[in-house]
Amino acid sequence: LGPGIDVPAPDMGTGEREMAWIADTYANTIGYQDMNASACVTGKPINQGGIHGRTSATGRGVFHGLDNFIGEAHFMSQIGCSPGWGGKTYIVQGFGNVGLHSCRYLTRAGATCVGVAEWDGSIYNPDGIDPKALEDYKLENGTIVGFPGAEAYTGENLMFENCDILIPAAMEKAIHKGNAHKIQAKIIAEAANGPITPAADKILQENGCLIIPDMYINAGGVTVSYFEWLKNLNHVSYGRLTFKYERESNYHLLQSVQNSLEKRFGRVGGPIPVSPSEDFENRMSGASEKDIVHSGLDYSMERTAKGIMDTTIKMNLGLDLRTAAYVNSISKIFTTYRDAGLTFN
């Protein structure tokens, strides 16, 4: 473990507190002479070298990953869906960090959460579940069971219910060859690591299900972890060096426009005020750390989605996004090996 060796990030059972413990232990033992000691782990609290937006990063990445494919008519037509979020329903398995934030962003985009499954019980409401109300209920009660905004689910398994999008955000191997044929969702976003076994993957594809693979769609967390690692190595917050300069530059820009107008039309009726629009005013002070993190994550997810789509179409892979993602990944490794003189083509 170390800033230049292995840099762990939080997963199931760990959060900001546990990552702070690891960073503190490293800094007080083998890392006591290392000025970059805080970069030994990511997912730390903000006041101990963490970064804004890390907690919600994986769920936000799941939303961006889905958004890129749901807006693409080429893939939606293959599964009999219309592009866009309007009218889409989804079910989430697991309401931990990833499931919770995925729910929040998907609902904001216009989708409807009809069910949430947890280890101790599941809830269902075809009219929609409010993620914020469910989050508050779980924080207060430690469980989603008994949530007043939905009914307790009594069927075989919530994942088998009809919906447009299924988000397994809990353990691996949740969907296997024994239950894959019961899945009715048209899109599955692998928010967990390895929630679909290879045998189940084959069955689902044959049934016309679009699976967005885990190596892409749950990479929002590790992407923002990378941003946090860079922040720790740079020893300065994103935006801190340019924040004031950008704000003052924008004020000068508005003043310049006002001076030009007054020079052309005169000031007979008094000064000509140039007021910024609401959107511009919100951005006048430059990008905050959270703005930069969100923008960087959005760009990373969009660029990778385009690469997967291009390879899928180019190689005529149909709905097999996983193979396309592997092809792109292995191609990058090959290019690195080739350019380093380690292989031949």
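Residues numbered from 1 in each chain as written. Predicted model: local features only at pLDDT ≥ 70, side-chain atom pairs only at ≥ 80, totals over all residues. Heavy atoms only, no water.

Comments concerning the packing of helix H2 (residues 57-70) against helix H8 (residues 220-234)
Working note: a packed helix pair is described by the angle between its axes plus the distance between those axes.
Consideration 1: Two numbers describe how H2 lies on H8: the axes approach to 7 Å, and their chain directions differ by 125 degrees. Comparing their axes, H8 and H2 come out oblique. Handedness of the H2/H8 crossing: right-handed. Contact residues: Ala57, Thr58 and Gly61 in H2; Gly220, Gly221 and Val224 in H8.
Consideration 2: Across the contact of H2 with H8, the residue classes tally to two nonpolar, four polar and no charged. (Axes fitted to C-alpha atoms, helices over the stretch in contact; angles between N-to-C directions. Helix = DSSP H or I, 4+ residues; strand = E, 2+ residues; numbered from the N terminus. Parallel < 35°, antiparallel > 145°, perpendicular 65-115°, else oblique. Left-handed = near helix turned anticlockwise from the far one by under 90°. Contact = heavy atoms within 4.5 Å. Nonpolar A, V, L, I, M, F, W, Y, C, P; charged D, E, K, R; others polar.)

Let's talk about the sheet that holds strand S5 (residues 165-168)
Consideration 1: Across the sheet, which stays open at both edges, the seven strands sit in the order S4-S3-S2-S1-S5-S6-S7 with mixed pairing between neighbours. Edge positions in the open sheet fall to strand S4 (151-152) and strand S7 (210-212), since each of these has one partner strand only. (Pairing = 2+ DSSP bridges.)

Here's the deal with the side chain of Thr42
Consideration 1: Of note, Thr42 is situated in the loop between helix H1 (16-28) and H2.
Consideration 2: Judged by relative accessible area, which is 2%, Thr42 ranks as buried.
Consideration 3: There is a polar contact of 2.7 Å between the side chain of Thr42 and the side chain of Ser225.
Consideration 4: If we skip the residues at most four places from it in the chain, Thr42 touches Val7, Pro8, Ala9, Pro10, Met19, Ser225, Glu228 and Trp229. (Buried < 20%, exposed > 50% of the residue type's maximum accessible area, 1.4 Å probe, protein only. Polar contact = N/O pair within 3.5 Å; in protein donor to acceptor, adjacent residues only side chain to side chain.)

Brief notes about the environment of Ala109
Consideration 1: Locating Ala109 in the fold gives a position in helix H4 (residues 97-109).
Consideration 2: With relative accessibility at 30%, the residue Ala109 sits in the partly exposed group.
Consideration 3: With 24 residues separating them along the chain, Ala109 and Trp85 place their C-alpha atoms 6.5 Å apart.
Consideration 4: Setting aside residues up to four positions removed in sequence, Ala109 forms contacts with Phe63 and Trp85.

Notes on H4
Consideration 1: End to end, H4 covers 19 Å across 13 residues, agreeing with the expected 18 Å (1.5 Å per residue, within 8%).
Consideration 2: Residues of H4 that are buried include every one of Val98, Gly99, Leu100, His101, Ser102, Cys103, Tyr105 and Leu106, and no others.
Consideration 3: In the core, the buried residues of H4 are packed alongside H2, strand S1 (89-93), strand S2 (112-118), helix H5 (131-141) and S5.
Consideration 4: At the C-terminal side of H4, Gly110 shows a positive phi close to 120 degrees. (Expected span 1.5 Å × (residues − 1).)

Topic: the nonpolar core
Consideration 1: By size, the foremost hydrophobic cluster in this structure holds 52 residues, and its most contacted members are Leu66, Phe69, Tyr90 and Ile167.
Consideration 2: Ignoring any residue separated from it by four or fewer positions in sequence, one finds Ile167 in contact with Val62, Leu66, Tyr90, Ile91, Val92, Gln93, Ser102, Leu106, Ala189 and Ala191.
Consideration 3: Val114, Ala174, Ile183 and Ala200 belong to the second largest nonpolar core, which has 20 residues in total. (Core = buried A, V, L, I, M, F, W, Y, C linked by side-chain atoms within 4.5 Å.)

Overview of unusual backbone geometry
For residues besides glycine, phi is generally negative; the peptide bonds are generally trans as well.
Consideration 1: The phi dihedral of Lys173 falls on the positive side, at around 60 degrees, and the residue is not glycine.
Consideration 2: Following the sequence through the fold, Lys173 ends up in the loop between S5 and strand S6 (187-189).
Consideration 3: For Lys173, a relative accessible area of 59% translates into the label exposed.
Consideration 4: Of note in the backbone geometry, Asn316 takes a positive phi value of approximately 55 degrees without being a glycine.
Consideration 5: Along the polypeptide, Asn316 turns up in the loop between helix H11 (289-314) and helix H12 (321-339).

Some words on helix H9 (residues 243-265)
Consideration 1: For H9, built from 23 residues, the straight-helix expectation of 33 Å at 1.5 Å per residue is met to within 8% by its first-to-last C-alpha distance of 34 Å.
Consideration 2: Those residues of H9 not exposed but buried are Asn250, Leu254, Gln258 and Glu262.
Consideration 3: Check the buried side of H9 and you find it contacts helix H10 (278-283).
Consideration 4: Directly after H9, the chain includes Gly266, whose backbone phi takes a positive value near 80 degrees.

Overview of the side chain of Gln93
Consideration 1: Tracing the backbone through its elements, the reader meets Gln93 in strand S1.
Consideration 2: The buried category is assigned to Gln93, whose relative accessible area is 17%.
Consideration 3: Once residues within four sequence positions are removed from consideration, Gln93 is found in contact with Ala117, Met159, Ile167, Pro168, Ala169, Ala170 and Ala174.

Such coordinate-based values are descriptive only and should not be taken to indicate function.
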